[in-house]
Amino acid sequence: MRGAGTVVVAAALVLLAGCAGGADEHRDTSRQTVRQPPRATQAAATQQIPGVGPALRSRIPAGSRQVVAVYGDDARSADSTIVLYTRQGDLWKRERSWSGHNGKRGWTTDHHEGDKKSPVGVFTLSDAGGVLAEPESRLPYHHSSAFTAPRSWSRSHWHDFDLVIAIDYNRVKGTSPLDPTRPQGQSKGGGIWLHMDHGSGTSACVSQSKADMEYLLRTLDPALHPVVVMGDRAHLKA
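Remember, predicted model here, so these are calculated numbers, not experimental data. (Residues numbered from 1 in each chain as written. Predicted model: local features only at pLDDT ≥ 70, side-chain atom pairs only at ≥ 80, totals over all residues. Heavy atoms only, no water.)

**Thoughts on the pattern of salt bridges**
Inspection of every chain in the model, using the stated rule, returns six salt bridges. Across the pair D127 and R171 runs a salt bridge whose closest N-O atoms are separated by 3.1 Å. With D127 in strand 6 (residues 121-130) and R171 in the loop between strand 8 (164-167) and strand 9 (193-196), this residue pair connects regions lying 44 residues apart in the sequence. Comparing D127 with R171 shows no difference in burial state: the two are buried. In this structure, the salt-bridge partner of D168 is R171, at a minimum N-O distance of 2.7 Å. A single burial state applies to D168 and to R171, both of which are buried. (Salt bridge = Lys/Arg side-chain N within 4 Å of Asp/Glu carboxyl O. Helix = DSSP H or I, 4+ residues; strand = E, 2+ residues; numbered from the N terminus. Buried < 20%, exposed > 50% of the residue type's maximum accessible area, 1.4 Å probe, protein only.)

**Quick word on the confidence of the model for the chain**
Residues at a pLDDT of 70 or more form 82% of the chain, whose mean pLDDT is 88. Long-range and interchain partners of residues 1-10, a stretch whose pLDDT sits below 50, account for two contacts in this model, where long-range means more than four residues apart. Here residues 20-42 scores under 50 on pLDDT; set against residues more than four positions off or in separate chains, the count is 56 contacts. (pLDDT = per-residue confidence, 0-100. Contact = heavy atoms within 4.5 Å.)

**Description of the nonpolar core**
Where a protein is soluble and globular, its nonpolar side chains tend to be buried together. One finds V68, I165, I167 and V229 to be the most contacted residues of the largest nonpolar core, which totals 42 residues. Counting only elements with at least two residues in this core, the list comes to strand 1 (66-72), strand 2 (79-88), strand 3 (91-101), strand 6, strand 8, strand 9, helix 3 (210-219) and strand 11 (227-232). With five residues, strand 1 is the largest single contributor of residues to this core. Non-local contacts of I165, meaning those with residues more than four positions away in its chain, are made with L125, D127, A128, L139, W193, L194, M213, L216, L217 and L220. Of all hydrophobic cores here, the second largest spans nine residues; its members include A149, W153, F161 and W193. (Core = buried A, V, L, I, M, F, W, Y, C linked by side-chain atoms within 4.5 Å.)

**Re the side chain of S126**
With respect to the helices and strands, S126 occurs in strand 6. At a separation of 2.7 Å, a polar atom in the side chain of S126 contacts the side chain of D168. (Polar contact = N/O pair within 3.5 Å; in protein donor to acceptor, adjacent residues only side chain to side chain.)

**Digging into the pairing of strand 6**
Most of strand 6 is tucked away: nine of the ten residues are buried. When strand 6 meets strand 11, the two strands line up antiparallel, connected through four bridges. From the neighbouring strand, G121 faces strand 11, where its bridge partner is M230. In the sheet, strand 6 pairs with strand 8 via three bridges, with the strands oriented antiparallel. Bridged to L125 within strand 8 is I167. (Pairing = 2+ DSSP bridges.)

**Re the layout of surface pockets**
Quantified by volume, the largest pocket comes out at close to 160 Å³. Lining of the largest pocket is provided by Q47, Q48, I49, V52, R57, I60, P61, A62, S64, R87, D90 and W92. (1 Å grid on protein atoms, 1.4 Å probe; cavity = no way out; pocket = protein on both sides within 12 Å on 5 of 7 lines; lining within 4 Å. Points joined across faces, edges and corners; volume = space filled by probe spheres on them.)

Now the structure itself:
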């Protein structure tokens, strides 16, 4: 009979594989060109979050005052622009923006395990964790070596999960991002995170630089009920 520690490690490997993809994705990407994040620009506060239409806007909780908006370049693209907005009164202020990646096959409104597409929607951000020690995170942070990416993956992916923020898609809030529980069933996928970038698309997660992950961990505040609004630009506008 396997020990409890073995079970935990096995569950962690299943989640890591679900987030970062299968063996075909973990080829060496060290020679790929990585887009440089654009510099943050000053923008006037707006009544609504730019590019987000009524369908998704209506799903942002009334009490949410922080939104991470992930603007996918196209429904079939793995490239995204990520923007943090904070709500001040009735206005949303753009705080910072940067480049990132999403699912290697783009976006879907009906995500399933293994489709390598990121789910379109509005999801809360409740828990974080990673291989690295807590970087002054405001979100509950689960520090564990179980986040370590398998060394059978290409070297460019070894640090993907040094820092992660769980996207509350088909998971139980208030648990480690490694918790394998999937309330909607295994076929609907899970283990979808914000995590560190390796220079190309993911299986469903959203990835960004270490500096941008550290910024979000220091900035996202549970008291402000942060959410991520994510999708390709056409779906976001609907």
